[in-house]
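# Architecture at a glance
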Amino acid sequence: MNNNYSTLYKLNSKKKMMLHKILILSLGIYSLISCTSQKNIKTNDKAAERIELSEGQQKMLKGYPLQVKFNGILEESRCPKGVDCIWAGVAVAEIEISEKATKPVILSLATTDMQARGYQKETNVNGHTVALQNVSPYPTAKHGAKELKGNYKIVITVQKK
């Protein structure tokens, strides 16, 4: 009986080792497949193009057949530096996007997302995601929105969806 038990124990040990090897091999294959699919996702996505514009300036994008124009600031209610405010406020930029064969599209992009008030930081236009990244200069107690008019600069990103 001892011989049968030790033979059975050895057999179970061999099976356990085989199961461990299969499990490790399976995890290795799964990891390789995951890495490959993530690499494919990253290489298929075109990087976002970053554009800096002054008020009234327009630029043709390098990576996309789009022309972008910064028409100006529609709303400037950001709390000036050095002032205590009830809320942080928002700046809303008017941006014009045009392609060769389409009419220009006018966008209003804000420095904050607040759907209840109609503010959005990014939107989709003709298969491209356009996002407002920054509006400068920031108002101060000395230089409010009126003094900054005409001196604003924005940074946006454009990426193929």
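Overview of the structure. (Residues numbered from 1 in each chain as written. Predicted model: local features only at pLDDT ≥ 70, side-chain atom pairs only at ≥ 80, totals over all residues. Heavy atoms only, no water.)

### Examining the sheet that holds strand S8 (residues 153-160)
- Strand order in this open sheet of 4 strands is S1-S8-S7-S6, and the pairing throughout is antiparallel. Two strands lie at the open edges of the sheet, namely strand S1 (49-54) and strand S6 (122-125), each paired on one side alone. Each strand axis lies, on average, 25 degrees off the axis of its neighbour in the sheet, ignoring direction.
- Two elements, S6 and strand S7 (residues 128-136), share 4 bridges in a ladder whose sense is antiparallel. Along S7, the bridge assignment pairs Thr123 with Val130. (Pairing = 2+ DSSP bridges. Helix = DSSP H or I, 4+ residues; strand = E, 2+ residues; numbered from the N terminus. Axes fitted to C-alpha atoms, helices over the stretch in contact; angles between N-to-C directions.)

### Focus on the pattern of salt bridges
- Scanning the entire structure with this criterion turns up 1 salt bridge.
- The residue Glu76 makes a salt bridge to Arg78 at a minimum N-O spacing of 2.8 Å. Each of the two residues, Glu76 as well as Arg78, counts as buried. (Salt bridge = Lys/Arg side-chain N within 4 Å of Asp/Glu carboxyl O. Buried < 20%, exposed > 50% of the residue type's maximum accessible area, 1.4 Å probe, protein only.)

### Some words on the packing of aromatic side chains
- Applying the stated rule across the entire model yields 0 aromatic pairs.
- Above the face of the Trp87 ring, Arg117 is positioned so that its terminal group lies 4.8 Å from the ring centre. (Phe/Tyr/Trp six-rings, centres within 6.5 Å; stacked < 30°, edge-to-face > 60°. Lys NZ or Arg CZ within 6 Å of the ring centre and 35° of its normal.)

### Focus on the sheet that holds strand S3 (residues 66-76)
- The strand order S2-S3-S4-S5 describes an open sheet built from 4 strands, whose pairing is antiparallel. Each edge of the open sheet carries a strand with a single partner, namely strand S2 (58-60) and strand S5 (105-110). Mean inter-strand twist for the sheet, computed between neighbouring axes without regard to direction, equals 25 degrees.
- The sheet contact formed by S3 and strand S4 (residues 91-99) spans 9 bridges and is antiparallel. Note that in S4 the partner of Ile73 across the bridge is Ala93.

### Topic: the state of the cysteines
- Taken as a whole and judged by the stated rule, the model has 1 disulfide.
- Across a sulfur-sulfur distance of 2.0 Å, Cys79 and Cys85 are joined as a disulfide pair. An S-S torsion of about 80 degrees defines the bridge between Cys79 and Cys85 as right-handed.
- For Cys85, a relative accessible area of 39% corresponds to the partly exposed category. (Disulfide = S-S within 2.5 Å.)

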